[in-house]
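What follows is the residue order along each chain.
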Amino acid sequence: MSTGVTHPNLDDWNTVCCFFRLPQLFSTCVAFSLVADMGIWRGNIGNWSMSIWCFCFAVTLIIVTVKFFDFESHFPLFWYNLSITYACYAAILCLLASVIYSITHVQFLPDGPLRDRATAATTLSCIASAFYAIDAFVWNYYWPEDIPCYVYTLPALLKVLETFVAGVIFAFLNNTSLYLHQPALEWCVAVYSICFIPTALAMLLKLGDWENILPVPFPIFQLGLTLLSVLLYISALVLWLLYQFYEEFGGQPQWSSDISCIDDLICTWIQRLAVAVLTAINLLIYVADLVYWARQGSLACCGPRGRRESDTTQKVNNSNVL
């Protein structure tokens, strides 16, 4: 389909989306404003949550502006795919900010106006997450059946999870004291970056329908990329566990060995554990992605010949049974 064609269903959705994006703008903007007005009481978690709400507000505003000036008509399919993908990320990010901010910060604030502000910001973040989720899922009812939507496929879901988990890892790695003292741990940080950038690039190629520019078939490209990511993540997981939790390598095996954990819920040891758990989770996601692309790669290599041989074998087996 030509990129200059706009499907009627998508035009209908452009009218419906206003009922979702205006509340998204309002809730993220007000949540950011409430926490920003708390001053020193907002804490590091508050600053992190504010960065998420500010990012979501800014990107949503860009989307609304592009729609208002009808810029998306120049690249409709890429723009619609990109909009759905962003809605998925924003829903997860706002939900994550709501949960972490309420558990690690709001409940420890004293009763009064400050806690009321933080509670209101958390509620608005949940509302924003709900509207972003509705924005992402309702697309399914308006998206034309004759146009493939990458976001609603299994590989796209895996890519979203891979990049999202990596983004959360980067948030914890904002504390440079976790890894700057040891070259092996610096390698782990490099692994997270090395795997994140090609994964995001692969998503962009697929969203823009640009995978044909690659010198190899896209399934083979994805298979090699995912295999490399799995190997790198295995090395990162092993090194992170060894140098963070084993005394022989200078690690701290117990929570009580970190004095800062007595007064701080998100202390250095907890951050180390969080990065280890997230690394293991992302490794499992990459393994699932590898299995998927291994199957796709085998189909790309065998092609019709492999299917014909399979059909011939099935016919012979059936004749033997008869």
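Residues numbered from 1 in each chain as written. Predicted model: local features only at pLDDT ≥ 70, side-chain atom pairs only at ≥ 80, totals over all residues. Heavy atoms only, no water.

Asker: I tried to follow the packing of helix 6 (residues 183-207) against helix 7 (residues 218-245) on my own but got confused; where do I start?
Answerer: Each packed pair of helices is defined by two parameters, the angle between the axes and the distance between the axes. Where helix 6 meets helix 7, the axes come as close as 9 Å, and the angle between the chain directions of the two elements is 155°. In terms of orientation, helix 6 lies roughly antiparallel with respect to helix 7. The handedness of the crossing between helix 6 and helix 7 is left-handed. A breakdown of the residues in the contact of helix 6 with helix 7 according to their chemical character gives 19 nonpolar, five polar and one charged. (Axes fitted to C-alpha atoms, helices over the stretch in contact; angles between N-to-C directions. Helix = DSSP H or I, 4+ residues; strand = E, 2+ residues; numbered from the N terminus. Parallel < 35°, antiparallel > 145°, perpendicular 65-115°, else oblique. Left-handed = near helix turned anticlockwise from the far one by under 90°. Nonpolar A, V, L, I, M, F, W, Y, C, P; charged D, E, K, R; others polar.)

Asker: Hey, could you run me through the UniProt feature "transmembrane region" (unreviewed entry) in the protein chain in this one?
Answerer: With numbering matched to this structure, UniProt assigns "transmembrane region" (unreviewed entry) to residues 52-71, 77-101, 121-142, 154-173, 185-208, 220-243 and 273-294. With 85% helix and 0% strand, the stretch residues 52-71 has end C-alpha atoms that lie 26 Å from each other. From the first C-alpha to the last, residues 154-173 spans 29 Å; its make-up is 95% helix and 0% strand. (UniProt positions renumbered as here; feature names shortened; annotations may be inferred.)

Asker: Explain the pattern of salt bridges here, please?
Answerer: Under the definition given, this model contains five salt bridges. Where Arg-117 meets Asp-37, a salt bridge forms, and the shortest distance between an N and an O atom there is 3.1 Å. Within this pair, whereas Arg-117 is found in helix 4 (residues 113-142), its partner Asp-37 is found in the loop between helix 1 (8-36) and helix 2 (43-68), the two being separated by 80 residues in sequence. Across the salt bridge formed by Asp-289 and Lys-159, the nearest N and O atoms sit 2.4 Å from each other. In this pair, Asp-289 is assigned in helix 8 (residues 268-321) and Lys-159 in helix 5 (residues 154-172), connecting sequence segments 130 residues apart. Taken individually, Asp-289 and Lys-159 each receive the classification buried, so the pair is uniform in this respect. Connected through salt bridges with shared partners, the residues Lys-159, Glu-162 and Asp-289 form a single ionic network. (Salt bridge = Lys/Arg side-chain N within 4 Å of Asp/Glu carboxyl O. Buried < 20%, exposed > 50% of the residue type's maximum accessible area, 1.4 Å probe, protein only.)

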